[in-house]
Amino acid sequence: MGIEPVHLTKEKETLLITLYGKAMESRSKDPILRDEAAEEAVRRLDYDFSKLKVRKRDGVSLAIRAKQLDLWTKEFLAENPGGTVLHLGCGLDTRVFRVDPPASVRWFDVDYAEVIELRRRVYGEREGYRMIGSSVAEPRWLAEIPADRPAMIVAEGLLPYLEEHDARALIARLIDHLPGGQMAFDAYSRLGARLLRAHPSVKVTGASLGSWGIDDPRELEAWSPRLQLVTELTSYEPWALAKLPWVHRAAYALARRIPAVMRIGRLLRYRF
Ligand SMILES: C[S@@+](CC[C@H](N)C(=O)[O-])C[C@H]1O[C@@H](n2cnc3c(N)ncnc32)[C@H](O)[C@@H]1O
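Residues numbered from 1 in each chain as written. Predicted model: local features only at pLDDT ≥ 70, side-chain atom pairs only at ≥ 80, totals over all residues. Heavy atoms only, no water.

Enquirer: What should I look at first to understand the sheet that holds strand β5 (residues 129-133) in this one?
Expert: Sheets are built from strands paired through backbone hydrogen bonds, the pairs being either parallel or antiparallel. Across the sheet, seven strands lie side by side as β5-β4-β3-β6-β7-β9-β8; this open sheet has mixed pairing. Edge positions in the sheet fall to β5 and β8 (228-233), since each of these pairs with one other strand and no more. Going across the sheet, the axis of each strand differs from the next one's by a mean of 20°, ignoring polarity. (Pairing = 2+ DSSP bridges. Helix = DSSP H or I, 4+ residues; strand = E, 2+ residues; numbered from the N terminus. Axes fitted to C-alpha atoms, helices over the stretch in contact; angles between N-to-C directions.)

Enquirer: Would you mind going over unusual backbone geometry with me for this structure?
Expert: Note: most residues except glycine have negative phi, and most peptide bonds are trans. You will see that K53, though not glycine, has its phi angle at about 50°, which is positive. You can see K53 is positioned in the loop between β2 (45-46) and α4 (56-79). The exposure class assigned to K53 is exposed, which follows from its relative accessible area of 56%. Residue D100 is not a glycine yet carries a positive backbone phi of 50°. In this fold, D100 is placed in the loop between α5 (95-99) and β4 (106-111). (Buried < 20%, exposed > 50% of the residue type's maximum accessible area, 1.4 Å probe, protein only.)

Enquirer: Honestly, helix α7 (residues 164-177) in this entry has me stumped. Any pointers?
Expert: Note: α-helices contain 3.6 residues per turn, so residues at a spacing of three or four share the same orientation. Taking 1.5 Å as the rise per residue, α7 with 14 residues should run 20 Å; its terminal C-alpha atoms sit 20 Å apart, in good agreement. Restricting attention to buried positions, one finds in α7 the residues A167, L170, I171, L174 and I175. Within α7, the buried residues cover an arc of 125° as seen down the axis, which keeps them to one side. Facing away from the buried side of α7 by over 90 degrees, the exposed positions are H165 and D176. Buried residues in α7 make contact with β3 (84-88), β6 (151-155) and β7 (181-188). (Expected span 1.5 Å × (residues − 1). Arc of directions from axis to C-beta. Contact = heavy atoms within 4.5 Å.)

Enquirer: How do you make sense of the site of the ligand when you look at a structure like this?
Expert: Around the ligand, a shell composed of 21 residues is seen, among which T18, G89, D111, V136 and E156 lie nearest. In this structure, G89 approaches the ligand through a main-chain N or O atom, which is 2.7 Å from a nitrogen atom. V136 is positioned with one of its backbone polar atoms (N or O) 2.8 Å from a nitrogen atom of the ligand. Protein contacts shield 97% of the accessible area of the ligand, which totals 590 Å² for the unbound molecule. Of all the secondary-structure elements, those providing two or more residues to the shell around the ligand are α1 (10-13) and α2 (15-26). At three residues, the largest contribution of residues to the shell around the ligand is made by α2. When its residues are assigned to classes, the shell around the ligand shows eight nonpolar, seven polar and six charged. (Near = heavy atom within 4 Å. Polar contact = N/O pair within 3.5 Å; in protein donor to acceptor, adjacent residues only side chain to side chain. Areas by Shrake-Rupley, 256 points an atom, 1.4 Å probe, with all protein chains shown as cover. Nonpolar A, V, L, I, M, F, W, Y, C, P; charged D, E, K, R; others polar.)

Enquirer: In this structure, what is going on with the pattern of salt bridges? I would like to understand it.
Expert: When charged atoms on two side chains of opposite charge get close, those side chains can pair. Evaluated as defined, the whole model comprises 28 salt bridges. In this structure, K12 engages E114 in a salt bridge whose closest nitrogen and oxygen atoms are separated by 3.3 Å. Of this pair, K12 sits in helix α1 while E114 is found in helix α6 (residues 113-122), placing the two residues 102 residues apart along the sequence. In this structure, R98 and D35 form a salt bridge, with 2.9 Å as the shortest nitrogen-oxygen distance. One end of the pair, R98, is in helix α5; the other, D35, is in the loop between α2 and α3 (36-44), and 63 residues separate them in sequence. Judged by its relative accessible area of 14%, R98 falls in the buried class. (Salt bridge = Lys/Arg side-chain N within 4 Å of Asp/Glu carboxyl O.)

Enquirer: So what exactly am I meant to see when it comes to the layout of surface pockets here?
Expert: Over the atoms, a rolling probe the size of a water molecule traces out where space has been left empty. Estimated volume of the second largest pocket: approximately 250 Å³. Along the walls of the second largest pocket sit 13 residues, with E25, S28, K56, V60 and K243 positioned nearest its centre. Broken down by secondary-structure element, the contributors of at least two residues to the lining of the second largest pocket are α2 and α4. Among the elements that line the lining of the second largest pocket, the one with the most residues is α4, at three residues. Counted by class, the lining of the second largest pocket contains six nonpolar, two polar and five charged residues. (1 Å grid on protein atoms, 1.4 Å probe; cavity = no way out; pocket = protein on both sides within 12 Å on 5 of 7 lines; lining within 4 Å. Points joined across faces, edges and corners; volume = space filled by probe spheres on them.)

Put into structure tokens, the structure is as follows:
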């Protein structure tokens, strides 16, 4: 397979940060997330990844986040082997290969058309798997999603790029369309959102981020009476903690004492 040119900018270009972080971590001696497809994608893209200045610790955090979302997706599919997965703002993430669902699962990866065009050139098709090129803020794509199966909705690194009203409208449309399921994503407090806007790698892309944050995950329950918070992960699970380099672990031991710091970035899981 050949080398693929990359002409993505702004929000779309941020997918190269997460792809590279995961690929870099995967290449480490004892990786948290083995992601050979991401490593291969990085080799094939004609893109100067060095300009993103992705740090080793970014790779570790991205790998932990992705692995936790993989685990929740696998858990959902173990209980719902005929379910649907909606992977929103998929970028070039390889979750569908990592989770490797049975053919009974309908899996949809959704991102902007330009991103999906590149994605199709980089990764193969598989049974039960479809890619949809559309903004998630555009309502029409949902008509292609089966409305009669429980769904796992995963959005990794997507919500910060939406404005609050778009996120609310999206969640309302998803809940309205689907019979039930779960929704999992990373969320940032207002402080966390400000820090993310100032992140050096994000700044390089010139992406514009939403001007909101989630200080209290229960706020979202007021968005829909069907939405119920199941898990709020502010701390590292034992498997993740064991993988952290000592400097990271020491910083984390200090951060644990300051609730506002722990709320900066979280993984949230809701049922609906
Ligand atoms: C930080 S990247 C994360 C990519 C991928 N989820 C991952 O973890 O590797 C953000 C992704 O969100 C996508 N995105 C941002 N706004 C979007 C929108 N309105 N509709 C669809 N995708 C969007 C971008 O194109 C990009 O692929």
